[in-house]
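Tertiary structure, described
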Amino acid sequence: MTRNNTWNIHAVAAFVSLSGIFFGLDTGAIGPITVMPQFLDTFGKFRNHAIQGALVATILFSASATSFFAGALSDKISRRRTIMIGALTAAIGSAIEASSVKLWMLVLGRLVAGAGEGLFLGPCGVYLIELSPPNVRGKITTMLQLFITIGIASGYFISYGTVKLSNSFSWRTPFIVQSVVAFTLAAGMELLPYSPRWLLLVGRNDEAFEVMEQFDRNGVEREKAELLARQEADTTDATLRETFRDSTTRWKTILAIFLMGMQQLSGIDAVLYFAPLIFQQAGLDSRNASFLASGITGIVLVVVTIPAQLYLMDRWGRRPSIIWGGLSMGLCMLVIGSLYASGGSKTTAGKWTIISLIYLFTIAFSITWAVVLKLFIIEVQPNRTRAIASTLSHSSNWIVNTLVALTTPLFLAKSPSGPYFLFAACLLLTSLVCILYVPETLGRSLNEVDQVWNERQEKTSNLLARMQEKTKWPNSEVMTARAEEIGLERIESTATAH
């Protein structure tokens, strides 16, 4: 690549976001696949809720495991090469799934695909945010979420179309499509540049500035100066221990882990993975009707993510989007749980209210948490620990996602209202934490984020100190003296009475 080459950041981001297409295709297709008659004819042992949840969660087991060291690997061999290895692994796993004739082959394929997914998905987000010029960073990094929603919608409708096939290609075709997408990503990453911030971390400054100029010739000088000013503090030997060494880095990492875990406890993947089951439970008894309703969910995700990416995210800001998104989703889940608990779900009006609230929930998620959370948790991290912190937060996401996938079918079968109350409580708790600790990072450079972070933590510390002062109990000496005084008064009262 010569200095005269230029890159279109939107085109590069669109190609890297094929990783989101892959993730979305599996998310959208696996639920419908597990209830296809042709699939059940091949794997008859999957005719209960526990096995259905286990099959969905298999890919998440290995993804959560490999995501733990994806950040360290991307620091070692580069973001680009880590994505290539992960995508190639995922492609092989999907090919195994598509060719499965035995149960163990299907499980093996999902484990291999998950291992690749865990390797590439986190580094893709880091790669995009490090490659993007500051003026378009928000839109570029959230393109990954847009492509995830496109993948989800595609997964639903591919399954809706192939279920009409009379042979096993009805459930094999979605896996074939996933394999092709992953192979394309693996092959194309070889043609893309390295992340400029990774090049700086390994001391290849000239190459780093060359890449930056190829993407942003106007604003690159200021960013160069900022990066050089911090380069002495940014080294390649950042470790897991260093991520938790000082209080600022530690709490940034903990907040990222918490937010990404709670993103799954919002209930979004319970809705996406098990949409046919959820819509059947809500009153759409026909398989085709529940499949179509699931596909409409995917379309809704795409339609609302586009304005969120292009306009709303930079209009509303990070902090309001996270807080109000959590509160609105929590309200939806609370009302759905109440309708099931009260028996209101048995009425026609109740059923359609539940279906409408499921759509409102997905809209609220898509325009807030879906596009903002991943961007915020990467923006707020220091350069030297960004990859590892991002990895840990994505690992949290995978682990909680695994638990949700395993338990949701069983939970819904035992208590239709229970999962919704759980998700509502998690959403409201997360909103409270964000009110206290999440700063506004919109319009800030990656270096200026440190300042707004410190300001927010100081405000919260002062607020909590004032609250503690107002609710402070009297000290022990005062309490003891008062107890003795009360005791003497009682003795004197008794003596007088006698």
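Residues numbered from 1 in each chain as written. Predicted model: local features only at pLDDT ≥ 70, side-chain atom pairs only at ≥ 80, totals over all residues. Heavy atoms only, no water.

**Here's the deal with unusual backbone geometry**
One can expect most non-glycine residues to show negative phi and most peptide bonds to be in trans. Here S78, not a glycine, exhibits a phi torsion of approximately 100°, which is positive. Counting through the fold element by element, S78 comes out in the loop between α4 (49–77) and α5 (79–98). Overall, S78 belongs to the buried group, its relative accessible area being 0%. (Helix = DSSP H or I, 4+ residues; strand = E, 2+ residues; numbered from the N terminus. Buried < 20%, exposed > 50% of the residue type's maximum accessible area, 1.4 Å probe, protein only.)

**Looking at the pattern of salt bridges**
Taken as a whole and judged by the stated rule, the model has six salt bridges. As a salt-bridge pair, D75 and R79 come within 2.6 Å of each other at their nearest N and O atoms. Under the relative-accessibility criterion, D75 is labelled buried at 13%. For R79, a relative accessible area of 1% gives the class buried. Where E130 meets R79, a salt bridge forms, and the shortest distance between an N and an O atom there is 3.0 Å. Highlighted residues: E130 in helix α6 (residues 103–131) and R79 in helix α5, separated in sequence by 51 residues. Here the two residues E130 and R79 agree in accessibility, since each one is buried. Here the residues in one salt-bridge network are D26, E97 and R110, joined through shared partners. (Salt bridge = Lys/Arg side-chain N within 4 Å of Asp/Glu carboxyl O.)

**Some words on the side chain of K252**
Structurally, K252 is set in helix α14 (residues 247–264). Ignoring anything within four residues of it in the chain, the contact list for K252 reads V380, Q381, P382, D450 and W453. (Contact = heavy atoms within 4.5 Å.)

**A look at empty space enclosed by the protein**
Within this structure, the stated rule accounts for seven cavities of 30 Å³ or more. Considering only enclosed or pocket space, the largest cavity measures out at about 220 Å³ in volume. Elements that contribute at least two residues to the lining of the largest cavity include exactly α8 (143–162), α14, α15 (268–273), α19 (348–367), α20 (369–379) and α21 (386–414). Sorting elements by how many residues they give to the lining of the largest cavity places α8 first, with four residues. Lining the second largest cavity are 14 residues, with G125, T141, L144, K374 and L375 positioned closest to its centre. Counting only elements with at least two residues in the lining of the second largest cavity, the list comes to α6, α8 and α20. (1 Å grid on protein atoms, 1.4 Å probe; cavity = no way out; pocket = protein on both sides within 12 Å on 5 of 7 lines; lining within 4 Å. Points joined across faces, edges and corners; volume = space filled by probe spheres on them.)

**Some details on the packing of α5 against α6**
Helix packing for two helices is described by the angle between their axes and how far apart those axes are. Where α5 meets α6, the closest approach of the two axes is 7 Å, and the angle between their N-to-C directions is 155°. Relative to α6, α5 is oriented roughly antiparallel. As for how α5 packs across α6, the hand of that crossing is left-handed. Partitioned by chemical class, the residues of the contact of α5 with α6 number 17 nonpolar, seven polar and five charged. (Axes fitted to C-alpha atoms, helices over the stretch in contact; angles between N-to-C directions. Parallel < 35°, antiparallel > 145°, perpendicular 65-115°, else oblique. Left-handed = near helix turned anticlockwise from the far one by under 90°. Nonpolar A, V, L, I, M, F, W, Y, C, P; charged D, E, K, R; others polar.)

**A short note on α6**
The periodicity of an α-helix, 3.6 residues per turn, causes residues three or four places apart in sequence to face the same way. Over its 29 residues, α6 extends 42 Å from the first C-alpha to the last, a length consistent with the 42 Å expected when each residue adds 1.5 Å. Of all 29 residues making up α6, 23 are buried, and the element is well covered by its neighbours. (Expected span 1.5 Å × (residues − 1).)

**A short note on the packing of helix α2 (residues 18–34) against α8**
Relative orientation of the contacting elements α2 and α8 amounts to 35°, with a least axis distance of 6 Å. In this structure, α2 meets α8 at a crossing whose hand is right-handed. Residues L18, S19, G20, I21, F23, G24, L25, T27, G28, A29, P32 and I33 of α2 form the contact with α8, whose participating residues are L144, F147, I148, I150, G151, I152, S154, G155, Y156, I158 and S159.

**Looking at the confidence of the model for the protein**
Per-residue pLDDT for the protein averages 81, and the proportion of residues at 70 or more is 82%. Looking over the protein, one finds the lowest element-wise mean pLDDT in helix α24 (residues 476–497), namely 49, and the highest in α5, namely 96. (pLDDT = per-residue confidence, 0-100.)

**Focus: helix α1 (residues 9–16)**
Of all the residues in α1, the buried ones are I9, V12, A13 and V16. Taken around the axis of α1, the buried residues stretch over an arc of 100°, which confines them to a single face. Considering only its buried residues, α1 is in contact with α2, α6, α7 (137–141), α8, α9 (169–188) and α11 (205–215). The opening residue of α1 is N8, an N-cap whose side-chain oxygen sits 2.9 Å from the backbone nitrogen of H10. (Arc of directions from axis to C-beta. Polar contact = N/O pair within 3.5 Å; in protein donor to acceptor, adjacent residues only side chain to side chain.)

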